[in-house]
Amino acid sequence: MSVLVVSATKAEAAHVPSGLKVVITGMGKVASASAVSRVLAADKTIRQVVNIGSCGALRDGHAGIYEVGTVLNHDFSSAAIRALGHQVEDALEVGESDIVCATGDLFVTDTVVRAELARRAHLVDMEAFAVAWASREAGVPARIVKHVSDNADESALDWANVVDRSARELADWLSAHVL
């Protein structure tokens, strides 16, 4: 099976096992969706997308690797758009896990924002929803695999110093579950 490994940054994909096709998208929803769409349109042999990356824990006690079951588009004005009479799809199921990841272009470091998001999700990132959306549009299943690098608070600002640990653990997961 041809697998595309998707990562926002080179740092998060630094230890991906050789032999896997990797795309580095850049941070955020637009960059991720466009990069994944471009690769899937050009390579019809890809049968699965695996989005790896670091994330923030929205609830105390979450650490390590999680395979996500549902992704949310958390910074889209869904209620307002619905009030205008339009349908909105702001949650996608991507697996059987009960873990929910909220995706948005906001780098979460504020405890008030963290608490608000924690009512709906376990984890927060900046790409998973967009990767899942682009994959679905191309008819390719996506798996979302995240490693908790911080608590989505001021500790997130130390990301550059802790991302290598996430990259190593994600590479180990890929070796065990994809290769």
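Below you will find a few notes about this structure. Remember, it's a predicted structure, so these values are computed and weren't measured experimentally.

Rules used in this analysis
Residues numbered from 1 in each chain as written. Predicted model: local features only at pLDDT ≥ 70, side-chain atom pairs only at ≥ 80, totals over all residues. Heavy atoms only, no water. Helix = DSSP H or I, 4+ residues; strand = E, 2+ residues; numbered from the N terminus. Contact = heavy atoms within 4.5 Å. Areas by Shrake-Rupley, 256 points an atom, 1.4 Å probe, with all protein chains shown as cover. Lys, Arg positive; Asp, Glu negative; His and termini not counted. Charge placed at Lys NZ, Arg CZ, Asp CG, Glu CD. Salt bridge = Lys/Arg side-chain N within 4 Å of Asp/Glu carboxyl O. Buried < 20%, exposed > 50% of the residue type's maximum accessible area, 1.4 Å probe, protein only.

Within the protein one finds five helices and nine strands. Along the protein, helices and strands appear, N-terminal first, in the series β-β-α-β-β-β-α-β-β-α-β-α-β-α. Considered along the principal axes of its C-alpha atoms, the protein spans approximately 45 × 40 × 25 Å. A fraction of 73% describes how many contacts in the protein between residues 6 or more apart in sequence connect residues 24 or more apart. When the accessible area of the protein is evaluated, it comes to approximately 8600 Å², of which 52% is carbon and sulfur surface. Computed over 16 positive and 23 negative side-chain charges, the inter-centroid distance for the protein is 6 Å.

This part takes up the pattern of salt bridges. A complete count under the given rule lists eleven salt bridges for this structure. Salt-bridge contacts for D60 lead to R114; the nearest nitrogen and oxygen are separated by 3.2 Å. Residue D60 is located in the loop between β3 (46–57) and β4 (65–67), and its partner R114 is located in helix α3 (residues 111–118); the two are separated by 54 residues in the primary sequence. Under the relative-accessibility criterion, D60 is labelled exposed at 65%. Ionic pairing is found between R165 and E169, a salt bridge with its closest N-O pair at 3.2 Å. Placement of both R165 and E169 in helix α5 (residues 159–177) is noted, with a separation of four residues, approximately one turn of the helix. Each of E89, R136 and E137 takes part in a single network of salt bridges with overlapping partners.

Our next topic: the environment of I24. Within the element layout of this structure, I24 appears in strand β2 (residues 21–24). Using a relative accessible area of 35% as the deciding quantity, one classes I24 as partly exposed. Sequence-distant contacts of I24, defined by excluding residues within four places in its chain, comprise S7, A8, T9, K10 and A13.

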